[in-house]
Amino acid sequence: MKNDKKNYKVTLVGAGPGAVDLITVKGLNAIKTADVIFYDALVNKELLKNAKPDTNLIYVGKRFNNHRFSQTEINTLLAEYAFTKNNVVRLKGGDPFVFGRGSEEVDYLENCGIEVEIIPGISSALAVPTNQGIPLTKRGVNESFWVITGTTSNGEISKDIMHGAKSSATLVILMGLRNFTTILNEVLKYRPINTPFAIIQNGTLQNETICIETLENYKNALPKIDYKSPGIIVIGDVVAEHNTFLEEEIQRVLENY
Ligand SMILES: C[S@@+](CC[C@H](N)C(=O)[O-])C[C@H]1O[C@@H](n2cnc3c(N)ncnc32)[C@H](O)[C@@H]1O
């Protein structure tokens, strides 16, 4: 691979959580001037309409077991295009450095002598609960929030779910829907059974959904999960701040009366 020239460059751009207007101005400008854009499955395709008509749009998304390119192939493609095109943009959902393998791409490209500019994005971990009016922190309720993967590289749940559940933290779990029952059972070992949680899917998009339950009633949420859509699980007392929580709690009490 060539590494004899100094000004090869890739711009790594965070596309934001989903809504087309939740990308940064800087990220949008990078799309507008790109000659080639490599984009992921969770990038809102509407954003690509901002590209020049002759921009080469290359889908390299990975969802579940449906991988068009392996990570190694993506790294190689990015480098190959960086050596032949001027404005190469790598567009990733949310923030490129939050469970996005962005730093692996940076490492690979820099090892090839390619400069990488990183444009942060609004992570779904922050934007999706906020968009629903669920504060990740509230004075007197919790002192931190943890953003945890619900599925590690070997398919199991992270040990950090146990550590987080032992704290007062709001737990924000990405990629956790397929391990939902295991995760909830783990959290139930350490948190009161009436702790509320929310599953928010397609956050910030037109088809956004939210399901709120308490840990003890987590099975009620199972039929509502759409395993094909992205979703986050938010666990902690801050979920009670959601405007429907009180109403649903009263309904639950009445049903059990
Ligand atoms: C591979 S991670 C990438 C996260 C991304 N880098 C970010 O900062 O948002 C993908 C996971 O993010 C979460 N996610 C991304 N977009 C979402 C959305 N619009 N609504 C709900 N969850 C979302 C889901 O848990 C999904 O499985």
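Since we're looking at a predicted model, the values are computed, not measured. (Residues numbered from 1 in each chain as written. Predicted model: local features only at pLDDT ≥ 70, side-chain atom pairs only at ≥ 80, totals over all residues. Heavy atoms only, no water.)

Asks: Describe a nonpolar patch on the surface, and please don't skip the residues or the numbers.
Replies: Among the surface-exposed residues, Phe99, Leu126, Phe145, Val147 and Met175 lie close enough to one another that they form a single nonpolar patch of about 410 Å² accessible area. With respect to the helices and strands, Leu126 occurs in helix 4 (residues 124–131). Of the residues examined, Leu126 reaches a relative accessible area of 39% and is grouped as partly exposed. (Patch = residues over 30% accessible without salt bridge, like charges linked within 9 Å, V, L, I, M, F, W, Y side chains within 5 Å. Areas by Shrake-Rupley, 256 points an atom, 1.4 Å probe, with all protein chains shown as cover. Salt bridge = Lys/Arg side-chain N within 4 Å of Asp/Glu carboxyl O. Helix = DSSP H or I, 4+ residues; strand = E, 2+ residues; numbered from the N terminus. Buried < 20%, exposed > 50% of the residue type's maximum accessible area, 1.4 Å probe, protein only.)

Asks: Pulling in residues and values, what's your account of the site of the ligand?
Replies: Inspection of the region around the ligand gives 18 residues, with Val98, Ser123, Ser124, Gly203 and Gly231 positioned closest. A distance of 3.0 Å separates a nitrogen atom of the ligand from a polar atom in the backbone of Gly93. Here the ligand, which alone exposes 570 Å², has 88% of that area covered by the protein. Sorting the residues of the shell around the ligand by element identifies helix 4 and strand 12 (231–235) as the ones contributing at least two each. Looking at the shell around the ligand, you find at least three residues from each of domain 1 (9–119) and domain 2 (124–256). (Near = heavy atom within 4 Å. Polar contact = N/O pair within 3.5 Å; in protein donor to acceptor, adjacent residues only side chain to side chain. Domains from an automatic or database assignment.)

Asks: Which residues make up the sheet that holds strand 9 (residues 170–174), and what are the values?
Replies: As a general point, the strands of a sheet are linked pairwise by backbone hydrogen bonds and lie either parallel or antiparallel. The 5 strands lie next to each other as 8-9-12-10-11, forming an open sheet whose pairing is mixed. Of all the strands in the sheet, just strand 8 (145–149) and strand 11 (209–214) have a single pairing partner and so form its edges. In this sheet, adjacent strand axes meet at a mean angle of 20° when their direction is disregarded. Note: strand 8 against strand 9, 5 bridges, orientation parallel. Residue pairing for strand 9: Phe145 is matched across the bridge by Thr170. The strands that helix 4 touches are strand 8, strand 9, strand 10 (196–201) and strand 12; relative to strand 12, the one it contacts most, it runs at about 70°. Helix-sheet contacts for helix 6 (residues 180–188) involve strand 9, strand 10 and strand 12, and the interaxial angle to strand 12 is about 10°. (Pairing = 2+ DSSP bridges. Axes fitted to C-alpha atoms, helices over the stretch in contact; angles between N-to-C directions. Contact = heavy atoms within 4.5 Å.)

Asks: I'd like a rundown of the packing of aromatic side chains, residues and numbers included.
Replies: Scanning the entire structure with this criterion turns up 5 aromatic pairs. Arranged with centres 4.6 Å apart and planes meeting at 90°, the rings of Tyr8 and Phe83 form a pair that is edge-to-face. Within this pair, whereas Tyr8 is found in the segment before strand 1 (9–14), its partner Phe83 is found in helix 2 (residues 71–84), the two being separated by 75 residues in sequence. You'll find Tyr8 and Phe83 in the same group, each marked buried. Each ring, one from Phe180 and one from Phe197, has its centre 5.8 Å from the other, and the planes form 55°; the classification is tilted. With Phe180 in helix 6 and Phe197 in strand 10, this pair connects stretches of sequence that are 17 residues apart. The class for Phe180 is buried, based on a relative accessible area of 1%. Phe197 sits in the buried class, given a relative accessible area of 0%. (Phe/Tyr/Trp six-rings, centres within 6.5 Å; stacked < 30°, edge-to-face > 60°.)

Asks: Report on the sheet that holds strand 6 (residues 88–92), specifying residues and quantitative values.
Replies: Strand order across the open sheet formed by 5 strands is 3-2-6-1-7, with parallel pairing between neighbours. Of all the strands in the sheet, the pair left with one neighbour each is strand 3 (56–59) and strand 7 (115–119). On average, adjacent strands in this sheet sit at an angle of 20° to one another, irrespective of strand direction. Examined bridge by bridge, strand 1 and strand 7 share 5 bridges and lie parallel to one another. Across the sheet, the residue bridging to Val13 is Ile119, located in strand 7. Contacts from helix 1 (residues 25–33) reach strand 1, strand 2 (36–39), strand 6 and strand 7 within the one sheet, and its direction differs from that of strand 7 by about 130°.

Asks: Report on the domain arrangement of the chain, specifying residues and quantitative values.
Replies: One frequent convention defines the size of an interface as the accessible area lost when the parts assemble. Looking at the chain, the domain boundaries give domain 1 (9–119) and domain 2 (124–256). Here domain 1 and domain 2 share 0 salt bridges between them. Taken together, the links from domain 1 to domain 2 amount to 1 residue pair in polar contact (both at pLDDT 80 or more). In terms of residue class, the side of domain 1 that touches domain 2 is made up of 7 nonpolar, 3 polar and 1 charged. (Nonpolar A, V, L, I, M, F, W, Y, C, P; charged D, E, K, R; others polar.)

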